[in-house]
Amino acid sequence: MDDQSPDTSKDILREAALFYHENPKPGKLEIRATKPMANGRDLSRAYSPGVAEACLEIKADPANARRYTTKGNLVAVISNGTAVLGLGNIGALASKPVMEGKAVLFKKFAGIDCFDIEVDEHDPEKLAEIVCALEPTFGAVNLEDIKAPDCFIVERICRERMNIPVFHDDQHGTAIVVGAAATNALHVAGKRFEDVKVVSTGGGAAGIACLNMLLKLGVKRENIWLCDIHGLVYEGRAEDMNPQKAAFAQASDKRTLDDVIDGADLFLGLSGPGVLHPEHVRRMTARPIIFALANPTPELMPDLAREAAPDAIIATGRSDFPNQVNNVLCFPFIFRGALDVGATTINDEMEVACVEGIAALARATTSAEAAAAYRGEQLTFGADYLIPKPFDPRLSGVVSTAVAKAAMETGVATRPLTDLKAYKHKLDASVFKSALLMRPVFEAAATASRRIVFSEGEDERVLRAAQAILEETTETPILIGRPEVMEARCERFGLKVRPGQDFHIVNPENDPRYRDYWETYHRIMARRGVTPDLARAIMRTNTTAIAAIMVQRDEADSMICGTFGEYRWHLNYIRQVLGSARLHPQGALSLMILEDGPLFIADTHVHSRPTPEELAHSAIGAARHVRRFGLSPNVAFCSQSSFGNHPEGSGKRLREALEILDARECDFCYEGEMNVDAALDPELRERLMPGNRMKGAANVLIFGHADTASATRNILKMKAGGLEVGPILMGMGNRAHIVTPSITARGLLNMAAIAGTPVDVYG
């Protein structure tokens, strides 16, 4: 098939974008209630008469608005549509899709609620008056797409009169991300801010703000040469000048970009297409830095810049080239930090802290989540990776914490935090859904130093997990795989760890322990049809069996396998090598982290049709693991039958399992058999079985068939947005765990923490 023409591709993109905005309902935002509104009691508390109590508390102390309303987490995105990126002065109404989009980004990346407000007012002083009048509603204001120099006037007036942060993102957001990219570009080029010559095109709001940021970072004012559509900004020039441009006027007889480009270290373009020419690039210094940020067409296309200077370091405003300067790296997180400490403004120190946080993240190892979101891209710090990607989940914790710290240190925080480390943990937990629940497990793992062997050591997720284990735990990872493959992949993925240096390896193709391993395996399996030749072959090719032998020989404390292949295939070798009268698989437990809390499900993989004894053991093991997460187990045995209304089928086996638990006098709450809705709805359960022994909603569901448990797990994961931790293999004393092929690098890290503490036989 012939490639589509540019016009056809553009039409397809246009139709797709319009469909996206129109369906399933128009726009990108909606308002949802955060409190129940199910009955008259709720109504009386939400509105009259109960709402009066909140009003009186706020009247007595205005700070209480943050306790009883959304003000502390509510940002206004305000524009008059006079300078919409790439579209120009399209007016307030036409700018609404952009402002809605900005509000969505606030919510997606930082959990901040927004109202987009489009104001049909072109007079900057009147616009500022309107914005100031909105202060009681919002915790902060994001000004957007207001033309220069009006934007400077609006922001100045609002900052002077309002006691909440006011931030013009086109200016300061762009400047912060440019500052972070410039910091790392100079790092790569081996240059310093105080030494470089900067040539900039574009004297608008973003351009001026970027130059001011470069001054804060150390560039000397006399080394900045600003050009606009009329040429160089020089002392004495009268045409199209304002105080912001005049601050960068040079005492020079030079008049054009062509006159000043010689010897420039950094070109900063926020102007239009075709402004910079390849010949200009050839006249810059060695290892020139070119930030061609005009959208959608840069001042010079990267391929032409690279032709002129093969060693150039290039950034654009486009997502289809490396180093996209994107404000979303900044604005959600600077507002998050400012709101959380009740900052009265966003000052220079907070902006510089944001710059440093973003830049430092790019220099650190890339996150597994960012790598998954941008699969196929090179995310290793260097000329083509100067700043993090927007979907890097570490941005929230790192950048917001840096901003909050700067706000407190400079005295603009009205609600300073007492524990910045705990604050960062909280932010990480809001992004990594498992972080908060996993904390007790990680803390327990920190008290022991266990050796964890990963059978699929060449997998990217395992390599990333190994690095995270070394950074976040006291465990020692051991990876099975070919050293040269792991070395190449660590290099490709931008990982700092190296096989044989940072973690132990077992090379199936050439390991001095090979004879010991196959002889051990043969000794275990000799009377189960395994010949010496077969044992040798398995110890060369079957990494799950190798890992099990290592645990059996006490060369590792626990093993993790299953990133590819079928669960029961792996389970077979674990049973062969590690199974005993004391250790045998009793069930697989999956923790599903849902919006309204955690839910454990068993048995998802081990027993297709568990016996009553196996069901009882699953419940005992599940209860012990639930306690490892700092929770009290509330176990429901789930079936089509509900309290005996189906005498046969799975209900019968579940009832027998309850009798086994009753005889053991277990120390956790359990009840059944019942439908899932009764397990999760205490009122329904009480109607069906008054006086039942369970209080509240169940947090563990035990099913009579693996098909049902597995289907429930997958539905919760795919349709309810549940995040899985596990599956946890119970009954093996924490010596072996089998994950599933859908697991992520963070999921493997979580499993390593779970494997990182010894448990008894039922764990």
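Definitions and cut-offs
Residues numbered from 1 in each chain as written. Predicted model: local features only at pLDDT ≥ 70, side-chain atom pairs only at ≥ 80, totals over all residues. Heavy atoms only, no water. Helix = DSSP H or I, 4+ residues; strand = E, 2+ residues; numbered from the N terminus. Rg over C-alpha atoms; globule rule 2.2 N^0.38 Å. Buried < 20%, exposed > 50% of the residue type's maximum accessible area, 1.4 Å probe, protein only. Contact = heavy atoms within 4.5 Å. Lys, Arg positive; Asp, Glu negative; His and termini not counted. Charge placed at Lys NZ, Arg CZ, Asp CG, Glu CD. Salt bridge = Lys/Arg side-chain N within 4 Å of Asp/Glu carboxyl O. Expected span 1.5 Å × (residues − 1). Polar contact = N/O pair within 3.5 Å; in protein donor to acceptor, adjacent residues only side chain to side chain. UniProt positions renumbered as here; feature names shortened; annotations may be inferred. 1 Å grid on protein atoms, 1.4 Å probe; cavity = no way out; pocket = protein on both sides within 12 Å on 5 of 7 lines; lining within 4 Å. Points joined across faces, edges and corners; volume = space filled by probe spheres on them. Nonpolar A, V, L, I, M, F, W, Y, C, P; charged D, E, K, R; others polar. Pairing = 2+ DSSP bridges. Phe/Tyr/Trp six-rings, centres within 6.5 Å; stacked < 30°, edge-to-face > 60°. Lys NZ or Arg CZ within 6 Å of the ring centre and 35° of its normal. Axes fitted to C-alpha atoms, helices over the stretch in contact; angles between N-to-C directions. Left-handed = near helix turned anticlockwise from the far one by under 90°. Core = buried A, V, L, I, M, F, W, Y, C linked by side-chain atoms within 4.5 Å.

Draft legend 1. Just the overall build of the chain, in detail. The secondary structure content of the chain amounts to 31 helices and 21 strands. Against the globule reference of 27 Å for 763 residues, the chain gives a C-alpha radius of gyration of 31 Å, in line with a compact fold. Expressed as lengths along the three principal axes of its C-alpha atoms, the size of the chain is roughly 95 × 75 × 55 Å. Across the 763 residues in the chain, those meeting the buried criterion constitute 54%. Contacts spanning at least 24 positions in sequence make up 71% of the contacts within the chain whose residues lie at least 6 apart. Looking at the chain, you have 85 positive and 99 negative side-chain charges, and the mean spots of the two groups are 5 Å apart.

Draft legend 2. Here's a closer look at the pattern of salt bridges. Taken as a whole and judged by the stated rule, the model has 51 salt bridges. The shortest N-O distance in the salt bridge between Arg482 and Glu458 comes to 2.8 Å. Taken together, the positions of Arg482 in the loop between strand E12 (476-480) and helix H21 (483-492) and Glu458 in the loop between strand E11 (451-454) and helix H20 (460-472) put the pair 24 residues apart, joining distant regions of the chain. For Glu458, a relative accessible area of 16% translates into the label buried. Of the charged contacts, one joins Arg693 and Glu671 as a salt bridge, the two residues approaching to 3.7 Å between their closest N and O atoms. Placement of the pair is Arg693 in the loop between helix H29 (682-688) and strand E19 (700-703) and Glu671 in strand E18 (residues 669-674), with a sequence separation of 22 residues. One salt-bridge network, held together by shared partners, links Asp511, Arg513, Asp516, Arg553 and Glu555.

Draft legend 3. Summary view of helix H15 (residues 348-363). Its 16 residues give H15 an end-to-end C-alpha distance of 23 Å, which sits within 8% of 22 Å, the value for a rise of 1.5 Å per residue. Those residues of H15 lying buried are Met350, Glu351, Val352, Ala353, Cys354, Val355, Gly357, Ile358, Ala359, Leu361 and Ala362. Each element contacted by the buried residues of H15 is listed here: helix H7 (150-161), strand E4 (166-168), helix H8 (169-189), helix H9 (205-217), helix H14 (331-340) and helix H17 (394-409). Its side-chain oxygen at 3.3 Å from the backbone nitrogen of Glu349, Asn347 defines the N-terminal cap of H15.

Draft legend 4. Geometry of the UniProt feature "binding site: NADP(+)" (unreviewed entry) in the chain. Summarizing the sequence annotation, UniProt attributes the feature "binding site: NADP(+)" (unreviewed entry) to Val84, Leu85, Gly86, Leu87, Gly88, Asn89, Ile90 and Gly91 in the numbering used throughout. When you line up the elements, Gly86 lands in the loop between strand E1 (74-79) and helix H5 (96-110). Position of Gly88 among the secondary structure elements: in the loop between E1 and H5. Excluding residues within four positions of it along the chain, Gly88 makes contact with Gly81, Thr82 and Ala83.

Draft legend 5. View of empty space enclosed by the protein. One pass over the full model with this rule turns up 2 cavities of 30 Å³ or more. Taken as a whole, the largest cavity encloses approximately 40 Å³ of empty space. As for the largest cavity, its lining consists of Val506, Asn507, Pro508, Asp511, Tyr514, Tyr517, Met539 and Ile546. Per-class residue counts for the lining of the largest cavity are 6 nonpolar, 1 polar and 1 charged. Considering only enclosed or pocket space, the second largest cavity measures out at about 30 Å³ in volume. Considering the residues around the second largest cavity, the lining is formed by Ala182, Leu186, Phe193, Val196, Leu214, Val219, Leu266 and Ile289.

Draft legend 6. Up close: the UniProt feature "binding site: a divalent metal cation" (unreviewed entry) in the chain. On the UniProt side, "binding site: a divalent metal cation" (unreviewed entry) is annotated at positions that read Glu144, Asp145, Asp170 and Asn295 here. Tracing the backbone through its elements, the reader meets Asp145 in the loop between strand E3 (140-143) and H7. Take Asp145: its relative accessible area is 3%, and that puts it in the buried class. Residues in contact with Asp145, not counting those within four places in the same chain, are Ser79, Asn80, Gly81, Thr82, Ala83, Val84, Leu85, Val98, Met99, His168 and Asp170. Assignment of secondary structure puts Asn295 in the loop between strand E9 (289-292) and helix H13 (302-308).

Draft legend 7. Region of interest: the pairing of E19. Alternating residues of E19 divide into Val700 and Ile702 and Leu701 and Phe703, and every residue in both groups is buried. As judged from the 3 bridges shared by strand E16 (residues 597-602) and E19, these two strands associate in the parallel manner. Opposite Ala602, over in E19, you have Ile702 as the bridge partner. Where strand E17 (residues 634-638) and E19 come together, 4 bridges link them in parallel fashion. Paired with Cys638 across the two strands is Phe703, which belongs to E19.

Draft legend 8. The arrangement of the packing of aromatic side chains in detail. The full count for this structure, using the stated rule, is 8 aromatic pairs. Aromatic pair Phe115 and Phe138: ring centres 6.3 Å apart, planes at 75 degrees, arrangement edge-to-face. Pair noted here: Phe115 is in strand E2 (residues 113-118) and Phe138 is in the loop between helix H6 (124-133) and E3, with a separation of 23 residues, a long-range link. Phe115 gets classed as partly exposed once you look at its relative accessible area, which sits at 37%. Counting every residue linked through ring pairs, the aromatic cluster contains Phe106, Phe167, Phe331 and Phe335. Sitting over the face of the ring of Trp225, Lys197 holds its NZ or CZ atom 5.6 Å from the ring centroid. Directly above the aromatic system of Trp225 lies the positively charged group of Lys254, at a separation of 5.7 Å from the ring centroid.

Draft legend 9. Focus on the packing of H17 against helix H18 (residues 420-431). Direction vectors running N to C along H17 and H18 enclose 145 degrees, while the axes themselves pass 9 Å from each other. The chirality of how H17 crosses H18 is right-handed. Note on element contacts: H18 touches H17 through Leu420, Tyr423, Lys424, Leu427, Asp428 and Val431, opposite Ser396, Gly397, Val398, Ser400, Thr401, Ala404, Lys405 and Met408. Here the contact of H17 with H18 is built from residues that sort into 7 nonpolar, 4 polar and 3 charged.

Draft legend 10. Examining the sheet that holds strand E5 (residues 198-201) more closely. With respect to topology, 6 strands assemble into an open sheet ordered E7-E6-E5-E8-E9-E10, the strand pairing being mixed. Looking at the sheet topology across the chains shown, the edges are occupied by strand E7 (231-232) and strand E10 (313-316). One ladder, built from 4 bridges, connects strand E8 (residues 266-269) with E9; its direction is parallel. When the bridges of E9 are listed, Phe267 appears paired with Ile290. Contacting E8, E9 and E10, H8 runs over the sheet at an angle of about 155 degrees to E9.

Draft legend 11. Representation of the nonpolar core. Core analysis: the largest hydrophobic core is formed by 100 residues, its most contacted members being Val141, Ile176, Leu214, Phe291, Ile334, Met350 and Ile358. Of the residues forming this core, the biggest block, 10 residues, is contributed by H8. Apart from the residues lying within four places of it in its own chain, the contact partners of Met350 are Ile334, Ala338, Ala343, Thr345, Val403, Ala406, Ala407 and Val412. Ranked by size, the runner-up nonpolar core spans 56 residues in total, among them Ile469, Cys490, Leu658 and Leu749.

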